[in-house]
Amino acid sequence: MIKITNDYIKIDSKNNTLLLGIFKTDNYYGAAHSWATLLYYGKKINDSKDYSFIIKPEIYMASNDDSAIAPRVMSSTGDCANRESFLTVCKDGVFTNRFNFVSAKIVDGFTSPLPTARNKGETVCLTYVDAYTNTTLNQYYTVFDDSDVLATHVEVVNTTDGDIYVDKLSSLQLDFVADEAEVVTYDGAWSAERNRHDTLIKSGKYVSESILGISSATHNPFVMLKVNGKVIGLNLIWSGNHKELVEVSPYKKVRVLTGMSDYGLYYKVSKGDKFVSPEAIFLVESSEEAITLEMHKFSLNHIVNPDFAYKDRPVLINNWEGTYFDFTGDKIYDIAKKAHDCGIEMMVLDDGWFGDRNDDRRALGDWDDNVTKTGGLRNLSDKIHALGMKFGLWVEPEMICADSELFRKHPEWAQAVPNVEPISRRWQLCIDLANPEVKDFLTDKLIKLFKDVNVDYVKWDHNRSMSDIYSHALKNQGEYFYNYYVNQTDMLDKITKACPNVLFESCSSGGCRFDLGMQYFMPQNWGSDNTDAYHRIFIQEGTLAGYPQSSMGAHVSSYWHSNSSIESRFNIASIGAFGYEFDITKSTKKELSVIKKQVAYYKKHRKLLQYGNYYRLGETSLKTNQGGFMVVSEDKSEAIAVIIDDTQNNEFNKLSYRFKGLDADALYKVTSRPQSNVKKQIEFTAYGDILVNGEVNFGKFAQLETDRADFRGSFASRMLYFKKIN
Ligand code: GLA
């Protein structure tokens with residue numbers, strides 16, 4: 001519910017309020033100015049006619065500080081504040097702005113060339129006009145009936161008499177009166193994605209940014225800000241270069257800005273045109289746990305394609321780690337048959353089925369079946385379907401190899417500055433998607449491919465960061481990144497609409513593009529190329545802080561595992577969109593029987609594992625040698641916890657757990673999933689209150705496992721099933 005009066009804009013979600021005050025003066029350091037003050041953001045408050053007691057923006061003459069400037073939700077470059085501004089609009093060489101608040105109204109909707117949250121509630125639009133350039137800025141806030149998350153974005157409308165250039169544009173600004181703030185970020189690298197970092201900022205600016213052309217594993221756009229005892233979760237519905245900035249000024253002022261990165265941005269907006277920022281989402285809660293739960297629900301209800309949001313995600317087998325490029329259609333069929341015998345539901349054919357791609361040095365761009373190798377993709381797909389399995393295919397459309405038919409025909413379609421040898425990584429160049437001709441070619445080519453092969457699933461990869469930024473289709477390369485994402489949006493929109501039954505999984509050298517921009521079109525994201533179960537504990541914990549379990553691809557593999565048992569590999573991978581990734585035709589009888597039981601267990605509890613309310617247990621196991629995670633059904637009648645013992649051989653460590661999310665008054669029967677490497681299973685009954693508030697001690701369960709190759713080198717785990725019996 002949004003209420004607008006002469007002085008206030010009150011934006012109420014289910015349980016929270018964002019309160020803005022409209023402030024107008026003829027004497028802002030001698031000049032006229034008006035803006036929206038951020039008066040309050042927190043638990044829902046009653047409606048009142050007067051909130052003037054909260055903040056009195058006193059205007060007094062201070063020569064060079066920003067102590068008198070009240071918290072705001074938008075700020076101009078050159079408006080006397082010392083802090084980072086929300087945007088910069090340049091005209092005729094002038095880069096200073098003073099955006100004055102003009103009006104606020106409830107609007108029917110808005111248009112954007114980028115994805116924005118689905119199933120919107122009310123939207124309010126605040127309009128400002130720049131005193132210098134006469135540019136109009138529209139700032140939107142949207143509420144959702146079933147969520148406390150708010151969405152916001154802005155559009156710069158050229159209402160001037162000539163061209164303007166946008167040099168910097170955020171999506172969201174929040175200011176607080178506080179002398180410090182803590183920011184939680186999820187950072188890393190290929191194979192070590194989304195490791196949590198907590199940074200306390202007492203002075204100056206902290207920036208978390210990607211300039212790689214993708215959201216990147218380096219810094220994820222999901223961050224949490226802790227300020228004045230509140231936790232604020234922030235994310236972007238955007239898959240490109242992004243920037244999250246937290247600034248603490250000496251005058252007890254904290255500002256957070258999120259949005260696209262200004263790296264390489266110098267966007268020309270012609271008279272009458274508009275330039276729209278990505279949509280940011282944000283949420284205030286009193287705990288990190290509440291942020292995680294609400295962000296998961298928001299993603300499922302407002303980001304992910306509703307046709308897939310709560311649909312069972314199939315158990316798959318992927319041939320990549322099993323065969324790499326060395327396979328034939330017959331080999332893939334053999335893998336599928338063995339997998340099908342174990343209850344696995346989908347066969348995914350990874351890299352190497354097209355052009356003359358038998359290694360990673362060539363053929364990206366040649367999206368045509370290598371019939372000699374595959375025996376015909378449609379034939380393979382039909383045979384796999386005849387087994388009763390689904391069939392999935394890998395593609396990497398945003399890339400081109402110099403050694404490819406496509407490059408020989410269209411060298412100008414690669415991202416490269418004319419007459420300069422571009423930087424090649426993994427023998428590949430990025431394709432110039434800022435060029436609409438390239439976008440149209442790929443859109444048509446891929447729709448035809450997916451339909452011809454009759455695929456049920458697509459793994460859409462993107463294996464390198466961008467360099468040599470240049471498009472032959474652009475006069476001004478300062479528009480490159482933005483136009484790339486706009487064309488990407490159009491392409492993904494058309495492809496996903498043309499193939500409505502295909503489940504898409506985004507991948508980028510593992511999990512280097514794990515974001516809501518991708519999730520909007522692709523309900524799943526491959527978590528990481530690192531499928532080692534021990535490393536995955538931390539990667540997955542960081543990922544699940546902001547994204548739901550069903551969105552995270554997680555597989556049991558054989559190549560990437562230190563010394564963890566196949567049972568622990570299952571326990572860890574089971575918290576995601578689950579699958580296997582090795583050559584199952586080489587598995588022993590005993591392994592096949594273990595896999596069969598795992599698949600059956602996963603399928604039986606799939607709804608709970610994929611869509612239950614997620615909690616992490618304790619601190620990360622890295623810090624305390626024990627940890628794990630838990631999923632609880634909405635009605636709390638059942639739950640699954642995975643507990644982890646990382647104590648290695650330390651006799652003195654006490655392994656005790658506090659469970660989460662259970663019904664305090666209910667009696668639960670707790671049983672461990674039967675593991676092939678454990679003789680004695682866990683079984684007991686207990687009330688929810690003691691399970692949640694007590695310290696349940698499981699002893700040194702690592703020592704009871706029989707197949708840990710090196711007792712000192714790995715970890716042990718158990719999966720516990722909680723069933724409410726009374
Ligand atoms: C990336 C992906 C892998 C695999 C390879 C194929 O690295 O993350 O899962 O698909 O590409 O080249």
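Basis of the calculations
Residues numbered from 1 in each chain as written. Predicted model: local features only at pLDDT ≥ 70, side-chain atom pairs only at ≥ 80, totals over all residues. Heavy atoms only, no water. Helix = DSSP H or I, 4+ residues; strand = E, 2+ residues; numbered from the N terminus. Rg over C-alpha atoms; globule rule 2.2 N^0.38 Å. Buried < 20%, exposed > 50% of the residue type's maximum accessible area, 1.4 Å probe, protein only. Areas by Shrake-Rupley, 256 points an atom, 1.4 Å probe, with all protein chains shown as cover. Lys, Arg positive; Asp, Glu negative; His and termini not counted. Charge placed at Lys NZ, Arg CZ, Asp CG, Glu CD. 1 Å grid on protein atoms, 1.4 Å probe; cavity = no way out; pocket = protein on both sides within 12 Å on 5 of 7 lines; lining within 4 Å. Points joined across faces, edges and corners; volume = space filled by probe spheres on them. Nonpolar A, V, L, I, M, F, W, Y, C, P; charged D, E, K, R; others polar. Near = heavy atom within 4 Å. Polar contact = N/O pair within 3.5 Å; in protein donor to acceptor, adjacent residues only side chain to side chain. Sits in = over half its atoms within 2 Å of the grid points. Core = buried A, V, L, I, M, F, W, Y, C linked by side-chain atoms within 4.5 Å. Domains from an automatic or database assignment. Contact = heavy atoms within 4.5 Å. Pairing = 2+ DSSP bridges. Axes fitted to C-alpha atoms, helices over the stretch in contact; angles between N-to-C directions. Parallel < 35°, antiparallel > 145°, perpendicular 65-115°, else oblique. Left-handed = near helix turned anticlockwise from the far one by under 90°.

## Looking at the overall build of the protein chain
If you tally the helices and strands in the protein chain, you get 15 helices and 38 strands. Against the 2.2 N^0.38 benchmark of 27 Å for 726 residues, the protein chain shows a C-alpha radius of gyration of 27 Å, consistent with a compact globule. By its C-alpha atoms, the protein chain is 85 × 70 × 40 Å across when sized along the principal axes. Counting all 726 residues of the protein chain, 63% fall into the buried class. Total accessible area computed for the protein chain in this model is approximately 26400 Å², and 51% of it derives from carbon and sulfur atoms. Counting 83 positive and 96 negative side-chain charges, the protein chain places the averaged centre of each group 4 Å from the other.

## Details of empty space enclosed by the protein
Inspection of every chain in the model, using the stated rule, returns five cavities of 30 Å³ or more. For the largest cavity, the full set of lining residues is E84, S85, K168, L169, S170, K243, L245, L257, T258, G259, M260 and D262. Among the secondary structure elements, those contributing two or more residues to the lining of the largest cavity are β10 (164–177), β16 (242–249) and β17 (253–260). With four residues, the top contributor of residues to the lining of the largest cavity is β17. When the residues that make up the lining of the largest cavity are grouped by side-chain class, the tally is four nonpolar, four polar and four charged.

## So, the site of the ligand
By nearness alone, 13 residues border the ligand, and D350, D351, K459, G510 and D529 come closest of all. One of the side-chain nitrogen or oxygen atoms of W394 is found 3.0 Å away from an oxygen atom of the ligand. Against a free-state accessible area of 310 Å², the protein chains account for coverage of 96% of the ligand. When each cavity is represented as a set of grid points, the ligand is found to reside in the largest pocket.

## Overview of the nonpolar core
In this structure, W353 and Y580 are the most contacted members of the largest nonpolar core, which totals 178 residues. A per-element tally of this core places helix α8 (residues 480–498) first, with eight residues. Built from parts of two domains, this core gets at least three residues from each of domain 1 (2–302) and domain 2 (613–724). What W353 contacts, discounting residues up to four positions off in sequence, is F327, W367, D368, D369, N370, T374, L377, L393, W394, V395 and L449. Counting residues in each nonpolar core, the second largest holds 25 residues, with L617, I643, Y668 and V670 among its members.

## Some remarks on the sheet that holds strand β30 (residues 577–581)
If you trace the eight strands once around the closed barrel, you get β21-β22-β23-β26-β27-β28-β29-β30, paired in parallel fashion. With direction set aside, neighbouring strand axes in the sheet form an average angle of 30°. The pairing of strand β29 (residues 552–557) with β30 spans five bridges and is classified as parallel. Residue pairing in the sheet places S557 in a bridge with E581 of β30. Helix α7 (residues 436–453) rests against β23 (390–395), β26 (457–460) and β27 (503–506) of the sheet, and its axis sits at about 155° to β23.

## What about the pairing of strand β33 (residues 638–645)?
In summary, the side chains of a regular strand alternate between the two faces of the sheet. Along β33, seven of the eight residues are buried, which leaves the element largely enclosed by surrounding structure. For β33 and strand β38 (residues 716–724), the ladder comprises eight bridges, and the chain directions are antiparallel. Bridged to I644 within β38 is S717.

## Quick word on the layout of surface pockets
The calculated volume of the largest pocket comes to roughly 610 Å³. Taken together, 30 residues make up the lining of the largest pocket; nearest its centre are W190, N463, S509, G510 and D529.

## Some details on the sheet that holds strand β3 (residues 16–28)
On the basis of which strands lie adjacent, the open sheet formed by four strands has the order β1-β2-β3-β4 and antiparallel pairing. Looking at which strands have only one partner, the edges of the open sheet turn out to be β1 (2–4) and β4 (31–43). Sheet twist, expressed as the average angle between the axes of neighbouring strands with direction ignored, equals 15°. Bridging between β1 and strand β2 (residues 8–12) involves three bridges; their strand directions are antiparallel. Counted as the bridge partner of I2 is I11 from β2.

## What about the packing of helix α3 (residues 329–341) against helix α5 (residues 377–386)?
Axis separation between α3 and α5 bottoms out at 10 Å; the angle between their running directions is 15°. Taken together, the axes of α3 and α5 lie roughly parallel to each other. Seen along the crossing, α3 lies across α5 with a hand that is right-handed. Contacts between α3 and α5 involve G329, D330, I332, Y333 and A336 on the former and, on the latter, L380, K383 and I384. For the contact of α3 with α5, the residue count by class is five nonpolar, one polar and two charged.

## As for the packing of α7 against α8
Helices that pack against each other are described as a pair by the angle of their axes relative to one another and the distance between those axes. Following both chains from N to C, one finds α7 and α8 inclined at 20°, their axes separated by 10 Å at the closest point. Taken together, the axes of α7 and α8 lie roughly parallel to each other. As α7 packs across α8, the resulting crossing turns out to be right-handed. Here P436, K439, L442, T443, L446, I447, F450 and K451 of α7 lie close against α8, whose contacting residues are N487, D490, M491, K494, I495 and A498. Taken together, the residues of the contact of α7 with α8 sort by class into eight nonpolar, two polar and four charged.

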